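If you want the building blocks of each chain, they are given just below.
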Amino acid sequence: EAGVTQFPSHSVIEKGQTVTLRCDPISGHDNLYWYRRVMGKEIKFLLHFVKESKQDESGMPNNRFLAERTGGTYSTLKVQPAELEDSGVYFCASSPLGGSGYNEQFFGPGTRLTVL
Amino acid sequence: GESVGLHLPTLSVQEGDNSIINCAYSNSASDYFIWYKQESGKGPQFIIDIRSNMDKRQGQRVTVLLNKTVKHLSLQIAATQPGDSAVYFCAEKGTGFQKLVFGTGTRLLVSP
């Protein structure tokens, strides 16, 4: 079974440009999460989808970030306009829908974003 | 705000030694604690988790200990192998939430 995939693996853009990251979760996983790791610091939560609905977007840093999951399958994370501090590795994770306990989150390989 | 932190940024051990990676957390309302391993170029990979009502859980060559009194979590790796070299993250899940709060990470270096 294929794991979580992310595209692109690397992206280098100029400050002020727009970048769109894509995540394909494991088939059948209704939960989809975005995280990022900037400046080698800890991995931080951005938002959580349940199917196509945003369940928790408390980690989104500002309105330059827009996440979508139309149809409840793959998700995109758009950064517009990109700033220098947005550089980092963006991870996507997915998990099956379950109870209130912990459902293991499976992570993708990440997209390394560099803003120059 | 809530945070999960690590005491040691880098841990160097010899192959065959036992490794212990420590983590402190601050949110006493978390119901699960999880350890992830991240190898270069890959995403975090689940190792083991422990529910807050437990104090010890064992897996294959790994043991997680939870001390809620001092809000401390540790990962023990028995007979450490070169393939264990990676960055290890502890994470916590708050009750009623699914998002994970990660610590900074500890790099484990295993020498042959």
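See the structure shown above.
Structure report, in brief. Model, not experiment: these values are computed from the prediction.

### Here we look at the state of the cysteines
And step 1. In total, this model carries two disulfides over all chains according to the counting rule given.
And step 2. The residue that forms a disulfide with A:Cys23 is A:Cys92, at a sulfur-sulfur distance of 1.8 Å. Disulfide A:Cys23 to A:Cys92: torsion about the S-S bond roughly -60°, handedness left-handed. Here A:Cys23 is found in strand 3 (residues 19-24), whereas its partner A:Cys92 is found in strand 9 (residues 88-95), with 69 residues between them in sequence.
And step 3. The disulfide partner of B:Cys23 is B:Cys90, and the S-S distance across this bridge is 1.9 Å.

### As for the nonpolar core
And step 1. Within the largest apolar cluster, 21 residues are counted, with the highest numbers of intra-cluster contacts made by A:Trp34, A:Leu46, A:Leu47, A:Met60, A:Leu77 and A:Tyr90.
And step 2. Counting only elements with at least two residues in this core, the list comes to strand 3, strand 4 (31-37), strand 5 (43-50), strand 7 (65-68), strand 8 (75-79), strand 9 and strand 11 (111-115) of chain A.
And step 3. Leave out the neighbours within four places in its chain, and A:Tyr90 touches A:Gln6, A:Leu21, A:Tyr35, A:Arg36, A:Leu46, A:Phe65, A:Leu77, A:Gly110, A:Thr111 and A:Leu113.
And step 4. B:Ile21, B:Cys23, B:Tyr25 and B:Leu108 belong to the second largest nonpolar core, which has 20 residues in total.

### Describing the packing of aromatic side chains
Remark: the centre distance and the inter-plane angle together describe each pair of aromatic rings, the angle taken between the planes.
And step 1. Overall, the coordinates contain 12 aromatic pairs over all chains when judged by the stated rule.
And step 2. Judged by centre distance (6.0 Å) and plane angle (80°), the rings of A:Phe107 and B:Phe102 are edge-to-face. Linking A:Phe107 in strand 10 (residues 106-107) with B:Phe102 in strand 10 (residues 100-102), this pair reaches from one chain into another. For the residue pair A:Phe107 and B:Phe102, the accessibility class agrees, reading buried in each case.
And step 3. On the basis of an interplanar angle of 80° and a centroid distance of 6.2 Å, the ring pair of B:Tyr36 and B:Phe46 is categorised as edge-to-face. Highlighted residues: B:Tyr36 in strand 4 (residues 30-38) and B:Phe46 in strand 5 (residues 45-51), separated in sequence by 10 residues.
And step 4. For B:Tyr36, a relative accessible area of 0% corresponds to the buried category.
And step 5. Put simply, the rings of A:Tyr33, A:Tyr35, A:Phe45, A:Phe91, A:Phe107, B:Tyr36, B:Phe46, B:Phe89 and B:Phe102 touch in pairs and so form one group of aromatic residues.
And step 6. Its end group placed over the ring of A:Tyr74, A:Arg22 keeps NZ or CZ at 3.8 Å from the ring centre.
And step 7. Across the ring face of B:Phe97, the terminal group of B:Lys99 is positioned such that the distance to the ring centre comes to 5.8 Å.

### Focus: the pairing of strand 9 of chain A
Residues and elements named next belong to chain A.
And step 1. Of all the eight residues making up strand 9, eight are buried; the element is thus mostly covered by neighbouring parts of the structure.
And step 2. Sheet topology note: the strand 4/strand 9 ladder contains seven bridges and is antiparallel. Bridged to Leu32 within strand 9 is Ser94.
And step 3. Pairing analysis gives three bridges linking strand 9 to strand 11, with the strands arranged antiparallel.

### Section: the interface of chain A and chain B
And step 1. The partner chain B presents 20 residues to the 21 residues of chain A that form the contact.
And step 2. Carbon and sulfur atoms supply 57% of the area that chain A and chain B bury against each other, a total of about 1700 Å² over both sides.
And step 3. A per-residue breakdown of the area chain A buries against chain B is headed by A:Ile43, A:Tyr102 and A:Phe107, which together make up 36% of the total.
And step 4. Our enumeration of links across chain A and chain B arrives at zero salt bridges.
And step 5. Taken together, the connections running from chain A to chain B amount to four residue pairs in polar contact (both at pLDDT 80 or more).
And step 6. Put simply, the parts of the chain that give the side of chain A that touches chain B at least two residues each are strand 4 and strand 5 of chain A.
And step 7. Grouping the constituent residues of the side of chain A that touches chain B by class yields eight nonpolar, eight polar and five charged.

### Things to note about unusual backbone geometry
And step 1. Of note, the amide linkage connecting A:Phe7 to A:Pro8 takes the cis form, showing an omega dihedral of -5°.
And step 2. Summarising the element assignment, A:Pro8 is placed in the loop between strand 1 (5-7) and strand 2 (10-13).
And step 3. For the bond running from A:Gln80 to A:Pro81, omega is -10°, close enough to zero to count as cis.
And step 4. On the secondary structure map, A:Pro81 appears in the loop between strand 8 and strand 9.
And step 5. Even without being glycine, A:Lys51 reaches a positive phi, approximately 55°.
And step 6. Looking at the secondary structure, you find A:Lys51 in the loop between strand 5 and strand 6 (53-56).
And step 7. Backbone geometry places B:Lys71, a non-glycine residue, at a positive phi of 55°.
And step 8. Following the sequence through the fold, B:Lys71 ends up in the loop between strand 7 (62-67) and strand 8 (72-77).
And step 9. B:Lys71 gets classed as partly exposed once you look at its relative accessible area, which sits at 28%.

Cut-offs applied
- Numbering of residues begins from 1 in every chain and follows the order in which that chain's sequence is written.
- Chains carry letters and ligands carry numbers; both start at the beginning, A for chains and 1 for ligands, and go up in the order they are written.
- The predicted nature of this model means local features are confined to residues of pLDDT at least 70 and side-chain atom pairs, given and counted, to a pLDDT of 80 or more, with totals for whole chains, interfaces and linings taken over all residues.
- Where side-chain values are given, they derive from all heavy atoms of the structure, hydrogens and water being excluded.
- Throughout, disulfides are identified as pairs of cysteine sulfur atoms within 2.5 Å of each other.
- Only runs of H or I of at least four residues qualify as helices and only runs of E of at least two qualify as strands under DSSP, and these elements are numbered from the N terminus.
- Within this scheme, the nonpolar core is defined by two criteria: the residues are buried Ala, Val, Leu, Ile, Met, Phe, Trp, Tyr or Cys, and they are joined through side-chain atoms within 4.5 Å.
- A 1.4 Å probe rolled over the protein chains alone gives each residue an accessible area, and that area as a share of the maximum for its type sets the label: buried under 20%, exposed over 50%, partly exposed in between.
- In what follows, residue pairs with any heavy atoms lying within 4.5 Å of each other are defined as contacts.
- The aromatic pairing rule takes the rings of Phe, Tyr and Trp, using the six-membered ring of Trp, and pairs them if the centres are within 6.5 Å, calling planes under 30 degrees apart stacked, those over 60 edge-to-face and the rest tilted.
- Here, a charge over a ring is recorded when the distance from Lys NZ or Arg CZ to the ring centre is within 6 Å and its angle to the ring normal is within 35 degrees.
- Two strands pair under a simple rule: DSSP has to find at least two bridges between them.
- Buried area is understood as the total, over both parts, of accessible area removed when two parts are fitted together, assessed with a 1.4 Å probe.
- The term salt bridge refers to a pairing of a side-chain nitrogen on Lys or Arg with a carboxyl oxygen on Asp or Glu at a separation within 4 Å.
- Pairing of N or O atoms within 3.5 Å defines a polar contact, subject to two protein rules: one partner must be a possible hydrogen donor and the other a possible acceptor, and residues neighboring in sequence count only if both atoms are side-chain atoms.
- Residue polarity is assigned by list, with Asp, Glu, Lys and Arg as charged and Ala, Val, Leu, Ile, Met, Phe, Trp, Tyr, Cys and Pro as nonpolar; anything else, Gly included, falls into the polar class.

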